[in-house]
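One-letter residues, chain by chain:
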Amino acid sequence: MAIRIRRPGLIAVLILAVAAAAAVYYWSARDDQQAPTYRFAKVERGPLTATVAASGTLNPVTSVQVGTQVSGQIKELFVDFNSPVKAGQLIARIDPETFQYRVRQSEADVEAARSALGRAQVSQLNAQRELDRTRELVSKNFVSPAELDTKQAAFDLARADVRNGSAVVAQREASLASARVDLGRTEIRAPVDGVVIKRSVDVGQTVAASLQAPELFVIARDLRDMQVETSIDEADVGRIRVGQRATFTVDAFPGRTFTGEVRQVRKSAQTVQNVVTYTVLVSAANPDGQLMPGMTANVRIVTDTRESALKIANAALRFRPPGETAASGDGKAAAEAPPAGGGGGGQLQQLRQRLVDELKLDESQQARLQAIFDQMRGRFMGLRELPEEARAKASATIRAEMRASIEEILKPEQKPRYAEIMAEAASRSGQSGRGRIWVLAEGKPKAIDVRTGLTDGTATEVGGAGVEEGLEVIIGIQGAAATAPAAKSGAPRMFF
């Protein structure tokens, strides 16, 4: 029996097969087109320098405010801005006429007191002679003893008048000396060698020295030796030591870098909006006199160096493949990450739990603590778009506010232990932390957990199993995929 093949059915089968093959090819090509293209960087070995950046103001090492101890009208000025002066040099004069009259009056008072003293001394001598004659007459019984008592009393009064006259003379002489001192103070003289950097008065201006001396001039002792007064955040001040090398720039000389060293770390704290800073003085040699007081200096203090360190671009530590977050992935690594390390909400929760357990917070305190952490978590996550330096500065501000907010909800007996916990976390953050980098293995990103150390804001020292010089790590995604949310999921480092 012959079998007949229907041509329309065969054609339909062929069409379906071709369509299926085309669909498979299309979706395969589409997947290939959507596969992300990664950007890479290599683990390198080289020098690494950690710095603390801050801004400050250039000031003379020694500047003296010159005032006046007497009131009056400025009659003469002998110096102006930028005038070099020597110690003892006359730089201004207050109208001395009033003080000259006071001196003359005091001199007249002294002369009158001396004349009165002279009359008292003459009276004493006369009383002494009268007393001697009366005593002789009494011995011969020519006068009564009562007369002798009268003469003795007169003599005692005369001697008291002499002592009083001597005291009045001393008083008038002291007044004369004081008047002469005030007259001398009408001449304003430079207390030190230096340069006049500020003049606050003009000829004819009246100055009043009542509760404090008004400022007439400011003299910089030596402008060849200056210093930068800069404010360092409390999170960084622990790394600052006297003698550390520093560099700074000023807007007046773009492209030029000046050098100095840390001279002093002042222990007096300054608190502005719950942000605690400490003043650090950095030397600034100025042999050619180009630097001027008041200039704003951008300072970098070298806190540590590595001559040969394995380092990687910070972008590699911030990178996360699509679908990954800082807190996802290897749960063990996230759990082991210290509170001072870089990460997100998991570390805040670890710190919260530690505070609850060790400080034995009550329910009210726990609720308030959770509210603080919820607020701070949002603020930390909002820093992801900022540049490295701006993010670090804003993060320090948030940390300081968080510490202050937590301390407000604690009882007095809880605060010492809280300070110990935060100090421990801060010390850990200053040493080494943990991070994660990604390499391409079999066409897919593979995570490698690393130890992180010194950083200069651009590159970070890394170490750990599988980390070696020349290793290529992923630092980003090219094309449209680079703007995906997963590529921005790296949260800022939160050092408590």
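For the structure itself, consult the block above.
Attention in this report is confined to the structure presented alongside it.

Reading the values: rules and limits
- Residues numbered from 1 in each chain as written.
- Predicted model: local features only at pLDDT ≥ 70, side-chain atom pairs only at ≥ 80, totals over all residues.
- Heavy atoms only, no water.
- Salt bridge = Lys/Arg side-chain N within 4 Å of Asp/Glu carboxyl O.
- Buried < 20%, exposed > 50% of the residue type's maximum accessible area, 1.4 Å probe, protein only.
- Pairing = 2+ DSSP bridges.
- Helix = DSSP H or I, 4+ residues; strand = E, 2+ residues; numbered from the N terminus.

So, the pattern of salt bridges
- What the rule picks out here adds up to 27 salt bridges.
- Between Lys-140 and Glu-136 there is a salt bridge whose closest N-O contact spans 3.7 Å.
- Classification of Lys-140 by relative accessible area gives partly exposed; the value is 47%.
- Residues participating in the shared-partner salt-bridge network are Glu-76, Arg-93, Glu-187 and Arg-189.

Thoughts on the sheet that holds strand β8 (residues 194-199)
- The strand order across the open sheet built from four strands is β3-β10-β8-β5, with neighbouring strands paired in antiparallel fashion. One side of each edge strand has no neighbouring strand; the edge strands of this open sheet are β3 (63-67) and β5 (84-85).
- Direction of pairing for β3 relative to strand β10 (residues 215-220): antiparallel, over a ladder of five bridges. For Val-66, the partnering residue across the bridge sits in β10 and is Phe-217.

Topic: the sheet that holds strand β9 (residues 206-207)
- Spatially, the four strands line up as an open sheet ordered β7-β6-β4-β9, and their pairing is antiparallel. Bordering the open sheet on either side are β7 (187-189) and β9, each of which pairs with just one other strand.
- Pairing geometry for strand β4 (residues 72-77) and β9, over two bridges, is antiparallel. Across the sheet, Gln-73 pairs through a bridge with Thr-206, a residue of β9.

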